[in-house]
Amino acid sequence: MDDIDRKLIGLLLEDATQSYAVLGKAVGLSSGAAHERVRKLRERGVIRRTTIEVDQAALGRTVTAYVLVDGSTWMGDSADRLAAIPEVEEAHVIAGPASVLLKVRTSGTAELQDVLRRVFGVDGVTGTQTVVVLETFFERTLK
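Residues numbered from 1 in each chain as written. Predicted model: local features only at pLDDT ≥ 70, side-chain atom pairs only at ≥ 80, totals over all residues. Heavy atoms only, no water.

## Quick notes on the sheet that holds strand S4 (residues 125-132)
What counts here: Paired strands, in this sense, are two strands between which DSSP finds at least two bridges. Secondary structure elements follow DSSP: runs of H or I of four or more residues count as helices, runs of E of two or more count as strands, with numbering from the N terminus. All axes here are fitted lines through C-alpha atoms, helices being fitted over the stretch that makes contact, and every angle between N-to-C directions spans 0 to 180 degrees. Pairs of residues are marked as contacts when any of their non-hydrogen atoms sit within 4.5 Å.
Pairing is antiparallel in the open sheet, where four strands are placed in the order S2-S3-S1-S4. Because the sheet does not close on itself, it has two edges, and the strands there are strand S2 (88-93) and S4. Adjacent strand axes in the sheet meet at a mean angle of 20 degrees when their direction is disregarded. Judged from the five bridges that link them, S2 and strand S3 (residues 100-106) form a sheet pairing that is antiparallel. Note that in S3 the partner of Val88 across the bridge is Val104. Where helix H5 (residues 109-120) meets the sheet, its contacts fall on strand S1 (63-71), S3 and S4, and the angle it forms with S4 comes to roughly 155 degrees.

This is the structure:
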């Protein structure tokens, strides 16, 4: 991956709807060459998907929480069961005070409590610690 690829990725992170002509002009390539570069980045798995960024609060998901999950067994095998809980936005096996870290978004604390009950229903879960976000300074994808 070279500087042009990195610039293309940065431009796509800012606005994935830009045409290949606009992308090419920004990096000094033809639209066809820009298209080919992006195609190769997708083929190699550097660009995994094209998506949109949604304001979660506008969808009613005003509570963000991080949940540390303790387990009695290797929790790395629980990914599918945790992914089945739609309010879980991210799940990471971690080193530290717990086995798994979850990022959860809900419409309120009652829904968060329900999510925690469902997390406890996952085999091997022995406990949780939850941190509720009061304010988000920023969220970003690194370039």
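## Examining the pairing of S1
Alignment of S1 against S3, held across seven bridges, turns out to be antiparallel. Its bridge partner lying in S3, Tyr66 is registered against Lys103. As paired strands, S1 and S4 are joined by seven bridges and run antiparallel to one another. Of the residues in S4, the one forming a bridge with Tyr66 is Val131.

## Observations regarding the nonpolar core
Condition: Side-chain atoms within 4.5 Å link the members of a nonpolar core, which is a set of buried Ala, Val, Leu, Ile, Met, Phe, Trp, Tyr and Cys residues. Working definition: with a 1.4 Å probe on protein chains only, accessible area under 20% of the residue-type maximum means buried, over 50% means exposed, and in between means partly exposed.
Val69, Leu102, Val104 and Val119 are the most contacted members of the largest nonpolar core, which has 17 residues in total. Those elements giving two or more residues to this core turn out to be S1, S3 and H5.

Keep in mind that these numbers describe shape and distance, not what the molecule does.
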